[in-house]
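The lines below spell out each chain.
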Amino acid sequence: MMTILRKTLLAGLALSVFSSAAMAGEVTLLFWPGPESEAMQKVLDAYNAGPGQADGITVKQLLFSRQGYFEKEQADLAAGSSEFDLALVTTYTLGRYAPYLDPIDVPAEAKAAFAPVSLQSLTFDGKLYGVPTDISVHFLYYRKDLVDRLLSDPEWQKRYAAIAKEKLGREMQPKAPDDWSWDDWIATALFFSVADNPDSPTRFGTVLQMKNLIFNVMLWQATLVSNGGDWLADGKPAIDGPAARTGLQVYKTLIDAKATPPGSISYEYPEANAAFQAGQAATMLQWNAAFNELNDPAKSPTVAGKIGLAPLPAGSAGHKSHVHSLGIGLNTASKNKADAGKVLAWLATKDAMTVYAQAGGTPPVPEILKAMAAARPEFPLVGDFVDRYGFVVTGGTAAYAVPIYEVLAEKFSAFWAGQLDLDTALKQAAEGMADRIKG
């Protein structure tokens, strides 16, 4: 029997979904292989065994390779392929896909279940193009054992204050990580780096991800938004401003001070995880997906049970975190929209999202995340941080989003590596953004 949430979404889906009465039968979801598709299969199995039987519908997945996935999906959508009815959509590819997807409408009753920013992250030109299934947010990871000692050991505090005075030019005292500004994070990273503190229990105070890669810009841009910045202002690039300068200099200060491994300029998610996992770094800015592995005693014996989680450090506008979502959208070329709409309605229910969470997904439904605290202690914080600190930059769902991320990654990595000065990097980034917005 459908829940109220499922009924309301079903009633509210765009009318085009139900404009023709297709025969009940098979619905195909185009997805990519990996943990997301494995979790999604559990959801589809539950649908097929329950509501699907009542609806006379069976859902199957059609999996593309992860390599080149988005380009292939876009090509098939643009070609009007009807081999699949539903398809994976993401925040940063949404603008490219939207011309080939039907918008959907989630009624107020259904919206209440999802974190509002998750719906925003799948909205383009004021229309929603997907039911959110996974959400990504960023944490400040820190060695709780080491930071707790810093907050209680007078000798450590004295050394911390001396390093802050010498390197940052002002008196500072250690704070709890929930209250850190970017300067507090820098000072802590310097204290836990042997370059400034030969007695540090870790070689580096942090581990940065500075490879020329769009996902590293997503992680970095909290420094931009937390200091009042954004991608665009009045439709024009706004990257060459005080907020971006401040944010870029945060990373530059840390790599120049040897507070992050020298290889960080070529690091991304796995390399940063490995450094923290090995006990080399006292802090790390990282995606929420890392926690489960890092806190596993079998996989991470050095740090498991010693990890604290906090919001990313605050700028003048407070704590902020980039958020993006994976979701499921409706192919305009589908010949079975009525049945596909019923499946979308099921995916939006708390029942479906609970199955997804239990199978390893991270649905943007705070109530479900909170309920799973015993099995996944980071889940309640995901829901909390998404609601309190999550943002989608202006233009973050546009067709030019990925090209902009690419130009920012190229120019900012070059600055951090010392290949471009700050003024040149920002000037070239702004010019590149303008070119890509024009198309």
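Residues numbered from 1 in each chain as written. Predicted model: local features only at pLDDT ≥ 70, side-chain atom pairs only at ≥ 80, totals over all residues. Heavy atoms only, no water.

Colleague: A description of the confidence of the model for the protein should follow, citing residues and the corresponding values.
Modeller: A residue-level look at the protein finds 94% of positions with pLDDT of 70 or above and a mean pLDDT of 93. Contacts from residues 1-23, a stretch scored under 50 in pLDDT, to residues over four places away or in other chains number 55 contacts. (pLDDT = per-residue confidence, 0-100. Contact = heavy atoms within 4.5 Å.)

Colleague: Could you give me a rundown of the pairing of strand E14 (residues 324-331), with the residues and numbers involved?
Modeller: Of all 8 residues in E14, 8 are buried; the element is thus mostly enclosed. Looking at chain direction, strand E3 (residues 86-90) and E14 are connected through 5 bridges and run antiparallel. Bridged to Leu88 within E14 is Ile328. One ladder, built from 2 bridges, connects strand E4 (residues 101-102) with E14; its direction is antiparallel. Paired with Leu101 across the strands is Asn331, a residue of E14. (Buried < 20%, exposed > 50% of the residue type's maximum accessible area, 1.4 Å probe, protein only. Helix = DSSP H or I, 4+ residues; strand = E, 2+ residues; numbered from the N terminus. Pairing = 2+ DSSP bridges.)

Colleague: An account of the nonpolar core is needed here, citing residue identities and associated values.
Modeller: By size, the foremost hydrophobic cluster in this structure holds 145 residues, and its most contacted members are Tyr141, Trp231, Ile239 and Leu408. Of the residues forming this core, the biggest block, 10 residues, is contributed by helix H20 (residues 401-416). (Core = buried A, V, L, I, M, F, W, Y, C linked by side-chain atoms within 4.5 Å.)

Colleague: Which residues make up helix H16 (residues 337-347), and what are the values?
Modeller: Extensive coverage of H16 is indicated by the burial of 10 of its 11 residues. When we look at burial in H16, the residues that qualify are Lys337, Ala338, Asp339, Ala340, Gly341, Val343, Leu344, Ala345, Trp346 and Leu347.

Colleague: Could you give an account of helix H10 (residues 182-191), naming the residues involved and the relevant values?
Modeller: Most of H10 is tucked away: 9 of the 10 residues are buried. Considered for burial, the residues of H10 that qualify are Trp182, Asp184, Trp185, Ile186, Ala187, Thr188, Ala189, Leu190 and Phe191.

Colleague: Break down the packing of helix H13 (residues 242-256) against helix H21 (residues 422-438) for me, with residues and values.
Modeller: Running from amino to carboxyl end, H13 crosses H21 at an angle of 125°, the nearest separation of the two axes being 11 Å. The angle between the axes of H13 and H21 places the two elements in the oblique class. Between H13 and H21 the crossing geometry is right-handed. In contact with Ala244, Arg245, Leu248 and Gln249 of H13, H21 contributes Leu422, Asp423 and Leu426. Here the contact of H13 with H21 is built from residues that sort into 4 nonpolar, 1 polar and 2 charged. (Axes fitted to C-alpha atoms, helices over the stretch in contact; angles between N-to-C directions. Parallel < 35°, antiparallel > 145°, perpendicular 65-115°, else oblique. Left-handed = near helix turned anticlockwise from the far one by under 90°. Nonpolar A, V, L, I, M, F, W, Y, C, P; charged D, E, K, R; others polar.)

Colleague: Which residues make up unusual backbone geometry, and what values go with them?
Modeller: It is generally the case that most residues other than glycine have a negative phi and that most peptide bonds are trans. A positive phi is found at Asp234, a non-glycine position, where the angle reads about 55°. With respect to the helices and strands, Asp234 occurs in the loop between strand E9 (232-233) and strand E10 (236-237). Backbone geometry at Lys258 places phi at a positive 60°, although glycine is not the residue there. Looking at the element boundaries, Lys258 is found in the loop between H13 and helix H14 (269-277).

Colleague: Any details on the sheet that holds strand E12 (residues 307-310)? Residues and values, ideally.
Modeller: Here 3 strands make up an open sheet; going across it, the order is E11-E8-E12 and the pairing antiparallel. Across the chains shown, the open sheet's two edge strands, defined by having one partner strand only, are strand E11 (283-287) and E12. Pairwise comparison of adjacent strand axes, ignoring direction, gives a mean angle of 35° for this sheet. Relative to E12, strand E8 (residues 138-143) is paired through 4 bridges, and the arrangement is antiparallel.

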